[in-house]
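Residue-level structure breakdown
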Amino acid sequence: MDTWVHIVGGGLSGLSLASALAKHQVLPGPVVISEPEPERLAQKTFSFWLTDEEHAFLNPEYTQSKWQVSAEELTISHTGQRFRYGTRSGQHVLDECQAVIASHPQIHQVKEVIDATPKAEHVFDSRPIAPSSFRLIQSFSGTEVEFQRPHHIEAVGLMNRIETTDSGIRFVYVLPLGAKRVLIEHTEFTTKLADLSALQSMNRDYLSGEFSTNPFQTIRTESAHIPMGFRSTASHLGIPIGARGGMTRDATGYGYRTIRYACEAIARDLVTHNQATRYHPSLTTQWADTVFLNLIDQRPDSIPEILLTIARRMTADQFAAFMMMRTPSDVFRILWSAPLKPFTCALIGKYQWI
Ligand SMILES: Cc1cc2nc3c(=O)[nH]c(=O)nc-3n(C[C@H](O)[C@H](O)[C@H](O)COP(=O)(O)OP(=O)(O)OC[C@H]3O[C@@H](n4cnc5c(N)ncnc54)[C@H](O)[C@@H]3O)c2cc1C
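For clarity, every value in this text was computed on a predicted model and none was experimentally measured.

A word on the domain arrangement of the protein. Here the protein is described as being made up of domain 1 (5–61 + 88–129 + 234–273), domain 2 (135–229) and domain 3 (283–353). When each unit is reduced to the centre of its C-alpha atoms, the spacing between domain 2 and domain 3 is 24 Å. Every contact between the two is made by 11 residues of domain 2 and, on the other side, 11 residues of domain 3. Buried area between domain 2 and domain 3, summed over both chains or domains, comes out near 1000 Å², and the portion from carbon and sulfur atoms is 80%.

A few words now on the sheet that holds strand E12 (residues 168–176). Reading across the sheet, the 7 strands line up as E6-E5-E11-E12-E13-E10-E14 and stay open at both edges, with mixed pairing between neighbours. One side of each edge strand has no neighbouring strand; the edge strands of this open sheet are strand E6 (74–79) and strand E14 (216–230). Going from strand to strand, the sheet's axes swing by 15 degrees on average, the running direction of each strand aside. As paired elements, strand E10 (residues 134–147) and E14 share 13 bridges and run antiparallel to each other. Residue Gly142 lies in a different strand from E14, and its bridge partner there is Glu222.

A separate point is the pattern of salt bridges. The tally for this structure, following the rule as stated, stands at 19 salt bridges. Residue Arg127 pairs with Asp125 through a salt bridge whose shortest N-O separation is 2.8 Å. What makes Asp125 buried here is its relative accessible area of 0%. With a closest N to O distance of 2.9 Å, Glu222 and Arg220 form a salt bridge. Among the residues examined, Glu222 registers a relative accessible area of 8% and is labelled buried. Since its relative accessible area comes to 22%, Arg220 is described here as partly exposed. The network of salt bridges with shared partners includes Glu144, Glu146, Arg181, Arg220 and Glu222.

This brings us to the pairing of strand E2 (residues 31–34). Residues in a regular strand point their side chains to alternate faces of the sheet. Taking every second residue as pointing to the same face, both faces of E2 are buried, with Val31 and Ile33 on one and Val32 and Ser34 on the other. Sheet topology places strand E1 (residues 5–8) next to E2; 4 bridges connect them, and they run parallel. When the bridges of E2 are listed, Val5 appears paired with Val31. Handedness of the crossover joining E1 and E2 through helix H1 (residues 12–22): right-handed. Direction of pairing for E2 relative to strand E8 (residues 107–110): parallel, over a ladder of 4 bridges.

Parameters at a glance
- Residues numbered from 1 in each chain as written.
- Predicted model: local features only at pLDDT ≥ 70, side-chain atom pairs only at ≥ 80, totals over all residues.
- Heavy atoms only, no water.
- Domains from an automatic or database assignment.
- Contact = heavy atoms within 4.5 Å.
- Buried area = accessible area lost by both parts, 1.4 Å probe.
- Pairing = 2+ DSSP bridges.
- Helix = DSSP H or I, 4+ residues; strand = E, 2+ residues; numbered from the N terminus.
- Axes fitted to C-alpha atoms, helices over the stretch in contact; angles between N-to-C directions.
- Salt bridge = Lys/Arg side-chain N within 4 Å of Asp/Glu carboxyl O.
- Buried < 20%, exposed > 50% of the residue type's maximum accessible area, 1.4 Å probe, protein only.
- Right-handed = clockwise from strand over helix to strand, strands pointing away.

Written out as structure tokens, the structure reads:
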């Protein structure tokens, strides 16, 4: 029988779409997923905000209710009431999706590279886009370590020690994963690709400086350049999904939550109406993110104060909503909470007045 759906790339979005389709016992035709390196997903860690009601669907392995943002001497700490910060490993996602997909007789995974549009009624393309097309870049290197004794880190450091660099901003992300494990990531929002090995050595310096009396062992490392928006439109082999399809947030690089929900909706439309719909991020979110990216590009020195002011003026749940930006009211709350001058100058393009 002719292929009904062909998914190019079996990373987060490809597997999310396939496993959402696999929930339907009988599909209109065969589904193929082409992925040359199925284990690649296992190298990532996904974090995201969620409410208790979303726990079963988003399926975190760890959740935390405390998070903080800091620069120089100032630290803003929050404890979420409605929202928690969840984390799950790429391996956990891979195992869940593979189990569902493998049990469906009409879904087949093929270990192959696809370079031309495959023959199928619906084609979805999740191949990553090259960094040369990124509008701005999030470059980061992560080091996951296990300490001999508990580390006593009680809050997720979302953006700690925010500082300006010559091409953007840098901060350290601190993610506790149980009593003795932690993931440290030095991250840059930048106009040019950051040196990932330099970021990796910052992790080592941070760990030996902060935990000099608690020996640790490195478990694994992860590094990447993630898109913060795209400058040019790539040509796709079908309907773009995942980061390629605009499902990662321009201002933060976060994509897990949106990818899971958007792929579920695409699968529903396919099965119910035999229609392949493209995901479109909200215009208000895109607009606010563009203002933020322009500020990073033009006046990175203004960013630490903007982020700290927003974090200080918002409640914990409002701050989580700001990071997710799901509704226009989340966007307007940010404009309300942000320092007036830099945003007003950015809106009229007068960055020199900031
Ligand atoms: C290291 C890392 C950590 C991240 N952490 C978070 C996080 O904590 N929270 C969050 O919300 N977001 C995070 N993201 C952002 C986003 O959620 C991920 O990038 C996510 O994996 C994007 O899913 P995707 O399907 O678009 O791409 P991918 O998961 O990268 O999948 C694309 C797949 O396409 C395959 N492929 C490439 N070329 C071809 C070809 N020619 N033919 C067939 N297959 C091909 C690749 O092998 C790959 O498996 C992270 C990203 C990275 C890189």
